[in-house]
Amino acid sequence: MMNRRTFVASAVTGAAWASPSKMFRYSEVEARIARRDFSGITKDDLPTPSLCVDKAIFEKNLEAMFAHCKSAGIGLRAHCKIHKSPVIAKKQMAMGSLGICCATIAEAELMVKHGIKGVLYTCQPAGKNKIWRTVALAQREPTFMAVADDPLTVDLLEEACAAAGTKLTVLVDLYAGLTRAGHATGRPGVELAAKIDSQKNLKLGGIMGYSGGASHTRGWEARRLKSIKDVQPVVETALAVRKAGLPAPVITGGSTGTYNIDKEIGLTELQAGSFVFMDTLYAGVGGKGNDARYTDFDIALTVLTTVISRNHPNQATIDAGNKAMLRPTDQVKSHPGMIVENQGAEYGILRWTGGDELKLGQKVELYTSNLDMTTNCYDRYYVCEGGRLVDVWPVMDRAGAVQR
Ligand SMILES: Cc1ncc(COP(=O)(O)O)c(C=O)c1O
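Computed from a prediction, not measured in an experiment: that's the story for all the values here.

Participant: So what exactly am I meant to see when it comes to the environment of L304 here?
Facilitator: Its location among the elements puts L304 in strand β11 (residues 301–309). Among the residues examined, L304 registers 23 C-beta atoms within 10 Å and is labelled buried. In this structure the C-alpha to C-alpha distance between L304 and D44, which are 260 residues apart in sequence, comes to 9.6 Å.

Structural data, given as structure tokens:
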């Protein structure tokens, strides 16, 4: 007859599960996490799918970026759209980040709530809801900054600031090759800067120009040329703004892909974000002196999954699908030959051609294709050293007991 011990040993086949005495009940894992006692918890104890951060690689990525900025003489206002974590933002601030860039008003509210100074909301606020929330942030935190790429936004922000009795610093967002946002460079850009400067309740903070097209251009030299083409008109406009006697201390833009290019173009600070974790698409863009792979920063983030069905040769079903943002461009850690396929909301399939075997219940880690989309799906980062859990960081202050 099957007793508990033989049941556990036969039902779960991962090596760390072999001894039932080492198994925590999940309630015990949650209780320990709640009191921040991570001792004895391993990846095998964690729910899946979930996000795991390799602490050593994460720290190395941060150090590499900050060391570069220091030696190159360019500032960094790290973008949080990738991590959405005040814990990580505070680490970046402690290492010298000038502030934190945010893509959504909710991210900006989160960062300000956690006491971050120098938050820059890099998307123009449009519509009543975002205008009022932007002004409320300025009221709460005088170092908070917004951007505008339209004179109408300037008028609405001025009106709202006057009504609220507060001042707001605004940067001009200029076109840098991406048609999604950005006012025209040259004379129109200077005029928009002058309009901001002339408002009673707005202060001109400088110029922004983000070239998303450059960041993922393959090959470092091609990326450099694309960045110069897109960003040089932004810098020239910023210099014209200064020449007109207007204050434009900040010239911001750039990304993980162009971090070692943008200083020569004339940006005063970078908005790089992805370098903290990296993803498979970024890893493929190639670095300076290595067109095949971008090795400047390593992949520190994985989605931890479990093999949940194994009924057919050379394939395994995992518990990560659409809801976990699984993509065919994801890669399997330690199994470079495996192909990742999506099978619907909660299922994914891993396929291989021979030799490599996965077992039912086994944990598998995926390198994700697009960081922002993936991290947005989860409530927590499980921070690990090797297989050991050493910390848990909430995403957007969500730290619910279970992953979605
Ligand atoms: C406006 C803006 N700035 C900076 C970044 C950060 O770029 P990366 O994650 O490539 O470093 C992004 C990313 O999409 C962005 O939208």
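There is more to say after this.
Participant: Would you take a moment to explain the site of the ligand for this structure?
Facilitator: If you check the shell around the ligand, you find 16 residues, and the closest are S255, T256, Q271, G273 and S274. Of the residues contributing to the shell around the ligand, the split by class is five nonpolar, ten polar and one charged.

Participant: Got a minute to help me understand helix α7 (residues 151–164) in this structure?
Facilitator: Three or four residues apart is the spacing at which side chains of an α-helix point the same way, because the helix has 3.6 residues per turn. With 14 residues, α7 extends 20 Å between its outermost C-alpha atoms, agreeing within 8% with the 20 Å of an ideal straight helix rising 1.5 Å per residue. The complete set of buried residues in α7 reads T153, L156, L157, A160 and C161. Down the axis of α7, the buried set is contained in an arc of 130°. They therefore lie on one face. Along α7, the residues that are exposed and aim more than 90 degrees away from the buried face are L152 and A163. Contact partners of the buried residues in α7: α6 (128–140), β6 (145–148), β7 (168–173) and β8 (202–209).

Participant: Help me out: how do you make sense of the pairing of β11 in this one?
Facilitator: Here β11 lies mainly inside the structure; seven of its nine residues are buried. Bridge count for strand β1 (residues 50–54) against β11 is four bridges, and the pairing is antiparallel. Along β11, the bridge assignment pairs L51 with V303. Looking at chain direction, β11 and strand β16 (residues 363–367) are connected through five bridges and run antiparallel.

Participant: I would appreciate a short explanation of unusual backbone geometry in the present structure.
Facilitator: It is generally the case that most residues other than glycine have a negative phi and that most peptide bonds are trans. The omega angle of the peptide bond from T48 to P49 is -5°, so this bond is cis rather than trans. As for its placement among the helices and strands, P49 is situated in the loop between α2 (26–34) and β1. A positive phi angle, near 60°, is found at N314, a position not held by glycine. Residue placement: N314 occurs in the loop between β11 and β12 (315–318). Notably, D397 is not glycine yet its phi reads approximately 70°, a positive angle. Summarising the element assignment, D397 is placed in the segment after β18 (388–394).

Participant: When you look at the environment of G386 in this model, what are you seeing that I'm missing?
Facilitator: Note that G386 resides in the loop between β17 (380–385) and β18. Considered as a pair, G386 and M373 are 13 residues apart in the sequence and their alpha carbons are 25 Å apart.

Participant: What is the right way to look at the packing of helix α5 (residues 105–113) against α6 in this model?
Facilitator: The description of two helices packed together rests on the angle between their axes and the distance between the axes. Contact geometry of α5 with α6 gives a least axis separation of 10 Å together with a crossing angle of 15°. Accordingly, the angle class assigned to the pair α5 and α6 is roughly parallel. Judged by the sense of rotation from one axis to the other, the crossing of α5 with α6 is left-handed. Between α5, through I105, A108, E109 and V112, and α6, the contact on the second element is made entirely by K130, R133, T134, L137 and R140. Considering only residue class, the contact of α5 with α6 consists of four nonpolar, one polar and four charged.

Participant: Looking at this structure, how should I read the packing of helix α8 (residues 187–197) against helix α10 (residues 220–243)?
Facilitator: Relative to each other, α8 and α10 sit at 50°, their axes nearing to 9 Å. As judged from the angle between their axes, α8 and α10 are oblique. Where α8 crosses over α10, the two elements pack in a sense that is right-handed. Across the interface between the two elements, G189, V190 and A193 from α8 touch T237, A240 and V241 from α10.

Participant: Just to check I follow, could you spell out the nonpolar core for this structure?
Facilitator: Across soluble globular proteins, nonpolar side chains have a tendency to be buried as a group. Ranked by internal contacts, the top residues of the largest apolar core, which has 109 residues, are M111, V119, V170 and I207. Three or more residues apiece are contributed to this core by two domains, here domain 1 (19–54 + 296–394) and domain 2 (56–283). Not counting the four nearest positions on each side in its chain, M111 is found in contact with C80, P86, A89, I100, C102, I116 and V119.

Participant: Where do I start with the environment of A146 in this structure?
Facilitator: Within the fold, A146 resides in strand β6. Taking the C-beta count within 10 Å as the criterion, A146 has 28 such neighbours and is therefore assigned buried. Leaving out residues up to four positions away in the same chain, A146 has contacts with Y121, P125, T134, L168 and V170.

Participant: Teacher, can you tell me more about the domain arrangement of the protein chain here?
Facilitator: Interface size is often expressed as the accessible area that is lost when the parts come together. Each assigned domain of the protein chain is listed here: domain 1 (19–54 + 296–394) and domain 2 (56–283). Distance between the C-alpha centres of domain 1 and domain 2: 33 Å. Opposite the 22 residues of domain 1 that make contact, domain 2 presents 23 residues. If you list the elements that add at least two residues to the side of domain 1 that touches domain 2, you get β1, α13 (371–375), β17 and β18. Counting residues per element, the side of domain 1 that touches domain 2 draws most heavily on α13, which supplies three residues.

About the cut-offs
As a convention, each chain's residues are numbered from 1 in the sequence order in which they are written. Only residues with pLDDT of 70 or above have their local features reported here, since the model is predicted, and side-chain atom pairs are shown and tallied only from 80 upward, although totals for entire chains, interfaces and linings are computed over all residues. Strands are runs of DSSP state E lasting at least two residues, helices are runs of H or I lasting at least four, and both sets are numbered from the N terminus onward. In this scheme every C-beta is placed from the backbone, and a residue whose C-beta has 20 or more other C-beta atoms within 10 Å is buried, one with 12 or fewer is exposed, and one in between is partly exposed. A molecule or strand has a residue near it when that residue's C-beta atom, placed from backbone coordinates, lies within 6 Å of it. The nonpolar class holds Ala, Val, Leu, Ile, Met, Phe, Trp, Tyr, Cys and Pro. Asp, Glu, Lys and Arg form the charged class, and all remaining residues, Gly among them, are polar. By this rule the span expected of a helix is its residue count minus one, scaled by 1.5 Å. Working note: the arc is built from the helix axis to C-beta atom directions. Residue pairs qualify as contacts under a 7 Å threshold applied to their C-beta atoms, which are placed from the backbone. Note on pairing: DSSP must find at least two bridges between two strands before they are called paired. A fitted line through C-alpha atoms represents every axis, and for helices the fit uses only the stretch in contact; the resulting angles, taken between N-to-C directions, go from 0 to 180 degrees. Angle categories: roughly parallel below 35 degrees, roughly antiparallel above 145, roughly perpendicular from 65 to 115, and oblique for all the rest. Two helices crossing with the near one rotated counterclockwise from the far one by less than a right angle form a left-handed crossing, whereas a clockwise rotation gives a right-handed crossing. What makes a nonpolar core is a set of buried Ala, Val, Leu, Ile, Met, Phe, Trp, Tyr and Cys residues, with links drawn between C-beta atoms within 7 Å. As annotated, the domain borders come from an automatic or database domain assignment.

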